[in-house]
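# Structure at a glance
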Amino acid sequence: MSLDTDAVARRLAEGMANGVLSFPLTSFHDDGSLDPDGFRAHVADRIATGPGAVFPACGTGEFFSLDEDEYRQVVTIAVEEAGGRLPVVAGTGYGWAQAVRFARIAEEAGADALLVLPHYLVAAPQDGLVAQLERIAARTRLPLIAYQRGQVAFTAASLRRVAAIPTVIGLKDGHSDLDRLQRLTLAAPEGFLFFNGAATAEIQARAYATVGVPAYSSAVHAFAPEIAAAFFTALRDGDDGTVEKLLRDFYVPLVELRDRVPGYAVSLVKAAARLRGRPVGPVRAPLTDPSAADLADLKLLLTTGLDLVGAAL
């Protein structure tokens, strides 16, 4: 690793130990156009709550719906608002050629690292998964975090090859296959970063910790940092009573609501942020905003969750 890559990895490791990883929403106007001012307000609010790092233009931030100019604005704003106080890891993805185009924009905007989202559409063999990262790494100076989810799932042998790429510093896991994940953590070199990137990661946070992966991303942080912080603190401190109460009365019902409609993993998060007066706007197609009935259930659940931690809607 280069000195800069080592420094980014250390900062991310420190952030992961001290807070959740924040994946801010991308703000849109009602007509679907980008709302830079709304995004700036939203990301500033997220950063003010003290997350371990901020990941703009990733899955929760609707990376898949942004053009290159919009992506540049989103990453630039996140870097400006972070002001060097915490790492900024921008999303990139699709095939490696397109991923490199976004990577160069993120580099110019001042991002600290990149999260390489699963490639588009097709299944690929292990050699191809490794080659994807090799080609991106060869064309950007930014450190990379691989993201395994959907059609991307590394074997232990492939993970060793990925970790040998000088600028690949970690892996985000969205499969929740703890047998596979344990094999990967044992195959990785010392200092290689892992974090739980499952949808509503708090549900499985205790299980991930048992295989040596205590760090996690939090979609809830995008709309209720009070709940996210309370859960993180309780988990860190071994307060099983609070962890289980939050899981039972808030997180599990949230997952049940999320699972009603495809895409609600993002749509509900945005809707919850709007319920709290945050200027994030609607989702972009092909996602859809929640129905009136689901929105009513979300409001009731959000009120319950906030009550549990002594906060208000």
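In this report, we go over the structure that sits alongside the text. Because the structure is a prediction, the values reported are computed rather than measured.

### Observations regarding the packing of helix α3 (residues 68–82) against helix α4 (residues 96–109)
Contact pair α3 / α4: the axes reach a minimum separation of 9 Å and the direction vectors enclose 35 degrees. α4 is crossed by α3, and the crossing has right-handed handedness. Counting all contacts with α3, which are made through Glu68, Tyr71, Arg72, Val75, Thr76 and Val79, the residues of α4 involved are Arg101, Phe102, Ile105, Ala106, Glu108 and Ala109. Of the residues that constitute the contact of α3 with α4, the class distribution is 7 nonpolar, 1 polar and 4 charged.

### Considering the side chain of Thr26
Locating Thr26 in the fold gives a position in the loop between β1 (21–22) and α2 (36–48). Exposure remark for Thr26: the relative accessible area of 0% places this residue in the buried category. Within the structure, the side chain of Thr26 is placed 2.6 Å from the backbone oxygen of Gly61, a separation counted as a polar contact. Those residues within four positions of Thr26 in sequence are excluded, and the remaining contacts are Leu34, Phe39, Gly61, Glu62, Leu66, Val74, Lys270 and Val280.

### A few points about unusual backbone geometry
In this structure, the amide linkage connecting Ala285 to the following residue, Pro286, adopts the cis form with an omega of 15 degrees. Topologically, Pro286 is positioned in the loop between α11 (264–275) and α12 (292–308). Positioned with a positive phi, Glu62 is a non-glycine residue whose angle comes to about 55 degrees. On the secondary structure map, Glu62 appears in the loop between β2 (53–54) and α3. Look at Ser176: it is not a glycine, yet its phi comes out positive at around 60 degrees. Mapping Ser176 onto the fold places it in the loop between β6 (168–173) and α7 (178–187).

Conventions and cut-offs
Residues numbered from 1 in each chain as written. Predicted model: local features only at pLDDT ≥ 70, side-chain atom pairs only at ≥ 80, totals over all residues. Heavy atoms only, no water. Axes fitted to C-alpha atoms, helices over the stretch in contact; angles between N-to-C directions. Helix = DSSP H or I, 4+ residues; strand = E, 2+ residues; numbered from the N terminus. Left-handed = near helix turned anticlockwise from the far one by under 90°. Contact = heavy atoms within 4.5 Å. Nonpolar A, V, L, I, M, F, W, Y, C, P; charged D, E, K, R; others polar. Buried < 20%, exposed > 50% of the residue type's maximum accessible area, 1.4 Å probe, protein only. Polar contact = N/O pair within 3.5 Å; in protein donor to acceptor, adjacent residues only side chain to side chain.

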